[in-house]
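The residues making up each chain are set out below.
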Amino acid sequence: MSKSDLESRAQDSRLIARQGAASFVGSATSAIMGFVLTVVLARTLGDAGSGVVLQAIAVFTIVLSLARAGMDSAALWIMPRLVAHDPGRIRSALGTMFFVTALSSSVCALAIAIVAPALMLGDDAHSSEVVRAVTVAGWFLPAGALLLVALAVTRGLGGIIPFVSVGSIGLPVVRPIVVWLVATAGGSFVAVTLAWAAPLPFALIAALIIVRFQVGRHERAADVRGSWRPVPALRRSILNYALPRTASAGLEQTLIWLDVIMVGVIAGSAAAGVYGGASRFVAAGLIIDTALRIVVSTRFSTLLFEKKYTEVEALYRLTATLLVLFGTPAYLILAVFAPVVLSWLGPGFEQGATALVILCVGATLAFTAGNIQSVLLMSGRSGWAAINKGVVLLVNVAGNLVLIPLIGITGAAISWAFCMLLDAALATIEVRRFLGIRMGVGAITYALVVPLVTFGVPAITLRMTLGETVLALFLAIIGGSILFAGWCMLDRKRLHLHDFRLLARRH
């Protein structure tokens, strides 16, 4: 390996460690508070009530992915390049992205109000409440879409701390508190949904203030004063990238949340509440994935723009290994002790244990592809990502229509797990074809073995001996953590953890 490659690898390691620590704190906080929100909904509203609110959140999240018009991804793609090569056009790019987002989100909010009554299909007794909850949440689409774009801009301009403070800590912490206050005060399901959406405008104001300071800092550093006047070439570049990404993002969020909606329509709000609770545990396990993606996406964009494919492959393999190594333990514990953790949500939620196991297995296997979606998107091939999501969505809808009537939420879990694997496989093939970037199969496989041995074996043993108890769960976490830390310390070079020793050194 050449000296320049070593320096690049050390730089990437420093980036991951320095910003990754902050990103991990934010992702962990967001995941924990998301779990707290699920518990609050389940404990205060029951399975049917939480199902109503979760269906409203599902519809909101899916439409939100369309409302932002791909401008959040465009910000991550274009901003690092403008900062490095043309800071005078940052304002022009911001003007285009915010205008398009405001227009798109307003149209989507109006569409929700018109289309929401279609959710009254089926025999669910709570369908009318679902419609009202969806309509109320839709009022906040413009604020939510502009917030996501503004937060993406803060990342693109080099600010991981602002993104984490507002999007990963501030908003997730406030939401369950407000929801709990409204729910315990006797608020209706619609009022609780309103409480969930209400903090969005305040978070948006904070994000816009941060963006203003960041833009000023970059312009002062380059001694330029940008104009808000649209630059046609730049606008075309942003729109050409964002339009396919709009479809891709919409399909991506549909894949994540569609199961909850279809379960609600086919099996009722109570089943949707149970399945939604189980799926939120899986979302909470994405802490490492989210933390790494937040950090490396802009780095991928810069390296790909400079055609440094060797460095991209090295960074991708490093992050894939770390994702599998540190992301798998949570899913192993959740899978082995699924009935225990679901019982925390309240009576009846244990019915989702089998679904949770399937979701955990699917998520773990999908981890082996690493941040392959980020590589594909940051290479500018948002159109291919959209095609992938379209194919996977069709498979998911077909799977849900066939399996949910047969085996209920277990069928929804099987469909989701298979589709996540299919999505990762398609992106992996395309990245290999277009960029020549290969997976580090050997390193990733070994990284998977470590948590399987250190967490999986003790967890299964304790469950068989002590049963499905909180004590067994607690001991599995403690014992697994000790074994895992010991293995990582002794084998840090093979696991690439030795790279982080370079972080404090200068090459």
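The structure we're discussing is the one just above.
Residues numbered from 1 in each chain as written. Predicted model: local features only at pLDDT ≥ 70, side-chain atom pairs only at ≥ 80, totals over all residues. Heavy atoms only, no water.

Caption draft 1: Region of interest: the overall build of the chain. Scanning the chain from N- to C-terminus turns up 19 helices and zero strands. By residue count, 57% of the 507 residues in the chain fall in the buried class. Contacts in the chain between residues far apart in sequence, at least 24 positions, make up 84% of those at least 6 positions apart. For the chain, the computed accessible surface area is about 20,400 Å², with 69% contributed by carbon and sulfur atoms. (Helix = DSSP H or I, 4+ residues; strand = E, 2+ residues; numbered from the N terminus. Buried < 20%, exposed > 50% of the residue type's maximum accessible area, 1.4 Å probe, protein only. Contact = heavy atoms within 4.5 Å. Areas by Shrake-Rupley, 256 points an atom, 1.4 Å probe, with all protein chains shown as cover.)

Caption draft 2: Structural view of unusual backbone geometry. Residue A69 is not a glycine yet carries a positive backbone phi of 55 degrees. When you line up the elements, A69 lands in the loop between helix 1 (3-67) and helix 2 (71-85). Overall, A69 belongs to the buried group, its relative accessible area being 8%.

Caption draft 3: Spotlight on the pattern of salt bridges. If you walk through the whole model with that rule in mind, you get six salt bridges. The shortest N-O distance in the salt bridge between R68 and D72 comes to 2.6 Å. An identical accessibility class is assigned to R68 and D72; each is buried. The partner of E313 in a salt bridge is R317, and the shortest N-O contact between them spans 3.9 Å. Note that E313 and R317 are positioned in helix 12 (residues 309-336) at a spacing of four residues, about one turn of the helix. By relative accessible area, which is 31% here, R317 ends up partly exposed. (Salt bridge = Lys/Arg side-chain N within 4 Å of Asp/Glu carboxyl O.)

Caption draft 4: Seen up close, the packing of helix 6 (residues 160-184) against helix 8 (residues 200-222). The geometry of helix 6 relative to helix 8 is characterised by a closest axis approach of 10 Å and an angle of 170 degrees between their N-to-C directions. Classified by the angle their axes make, helix 6 and helix 8 are roughly antiparallel. Between helix 6 and helix 8, the contacting residues are P162, V166, L171 and R175 on the first element and L200, A203, A206, I210 and Q214 on the second. Of the residues assigned to the contact of helix 6 with helix 8, the class counts are seven nonpolar, one polar and one charged. (Axes fitted to C-alpha atoms, helices over the stretch in contact; angles between N-to-C directions. Parallel < 35°, antiparallel > 145°, perpendicular 65-115°, else oblique. Nonpolar A, V, L, I, M, F, W, Y, C, P; charged D, E, K, R; others polar.)

Caption draft 5: A look at helix 2. Over its 15 residues, helix 2 runs 20 Å from end to end, which matches the ideal 21 Å to within 8%, given 1.5 Å per residue. Most of helix 2 is tucked away, with 12 of its 15 residues classed as buried. What helix 2 keeps buried is the set M71, D72, S73, A74, A75, L76, W77, I78, M79, P80, R81 and L82. (Expected span 1.5 Å × (residues − 1).)

Caption draft 6: Layout of the packing of helix 5 (residues 141-156) against helix 8. One can describe the packing of helix 5 onto helix 8 by two numbers: an axis separation of 9 Å at closest approach and a directional angle of 30 degrees. Looking at the two axes, helix 5 sits roughly parallel to helix 8. Helix 5 and helix 8 meet at a crossing whose hand is left-handed. Residues A143, G144, L146, L147, A150, L151, V153 and T154 of helix 5 touch helix 8, and the partners they reach there are L200, P201, A203, L204, A207, L208, I210, V211 and Q214. Per-class residue counts for the contact of helix 5 with helix 8 are 14 nonpolar, three polar and no charged. (Left-handed = near helix turned anticlockwise from the far one by under 90°.)

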